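Per-entry structural report
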Amino acid sequence: MTAIGTIDRPVTHDPLKQALMTAHTTSEQPHGSATADFITAGAITSRQNRTREMQLIPEALARAHMDDRMREADAERRALRLVAARRMQRRAERVSLRARRALAMAVMH
């Protein structure tokens, strides 16, 4: 039985003997199906690039996650500073009003 391999279960586990994924313009095979091109140099290059890219994916995801966390932390710090500034402004307005009342009382007596 000669079953053609799939991506999950290739015919061979040797990356040098695996077929490259190339797109055909003819209608006899679906787009992106594996062909019988056993170009080992291209297979090595494509698999090395893919492996390198795949190895860098977690690093890129971690960097993006940390950027999101840093943005969230900055936004939270800005919000806390704004709340503190409003609280201090209200306190200063109350103190100013109290001082004006005290001055008015001192002038009237």
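Our structure is the block above this text.
The present account deals with the structure reproduced in this document. (Residues numbered from 1 in each chain as written. Predicted model: local features only at pLDDT ≥ 70, side-chain atom pairs only at ≥ 80, totals over all residues. Heavy atoms only, no water.)

A short note on the overall build of the protein
Quick note on the threshold: The numbering of helices and of strands both runs from the N terminus, where a helix is a DSSP run of H or I of at least 4 residues and a strand a run of E of at least 2. Relative accessible area decides the class of each residue, using a 1.4 Å probe on protein chains only: under 20% of the type maximum gives buried, over 50% gives exposed, and in between gives partly exposed. In this description, contact between two residues means that some pair of their heavy atoms is separated by no more than 4.5 Å. For the accessible areas, the method is Shrake-Rupley and the probe is 1.4 Å, while residue cover comes only from the protein chains on display.
A count of helical and extended segments in the protein gives one helix and zero strands. The buried share of the protein, reckoned over its 109 residues, is 6%. Within the protein, counting contacts between residues at least 6 apart in sequence, those at least 24 apart form 25% of the total. As displayed, the protein has an accessible area near 10,000 Å², and 60% of this comes from carbon and sulfur atoms.

A look at the pattern of salt bridges
This is how the line gets drawn: Whenever a carboxyl oxygen of Asp or Glu lies within 4 Å of a side-chain nitrogen of Lys or Arg, that contact is scored as a salt bridge.
For the coordinates displayed, the defined rule picks out three salt bridges. The salt bridge involving Arg71 is made with Asp68; its shortest N-O contact spans 2.7 Å. Here Arg71 pairs with Asp68, and both are found in helix 1 (residues 40-108), just three residues apart, close to one helical turn. With its nearest N and O atoms 2.3 Å apart, the salt bridge here joins Arg77 to Asp74. With Arg77 and Asp74 both in helix 1 and three residues apart, the pair spans about one turn of that helix.

Digging into a nonpolar patch on the surface
Put simply, the rule reads: Each patch is built from residues that are more than 30% exposed by relative accessible area and take part in no salt bridge. Like charges join if they lie within 9 Å; nonpolar side chains (Val, Leu, Ile, Met, Phe, Trp, Tyr) join within 5 Å.
On the surface, Met54, Ile57 and Leu61 cluster together to form a nonpolar patch covering roughly 320 Å² of accessible area. Mapped onto the elements of the fold, Leu61 is located in helix 1. What makes Leu61 exposed here is its relative accessible area of 57%.

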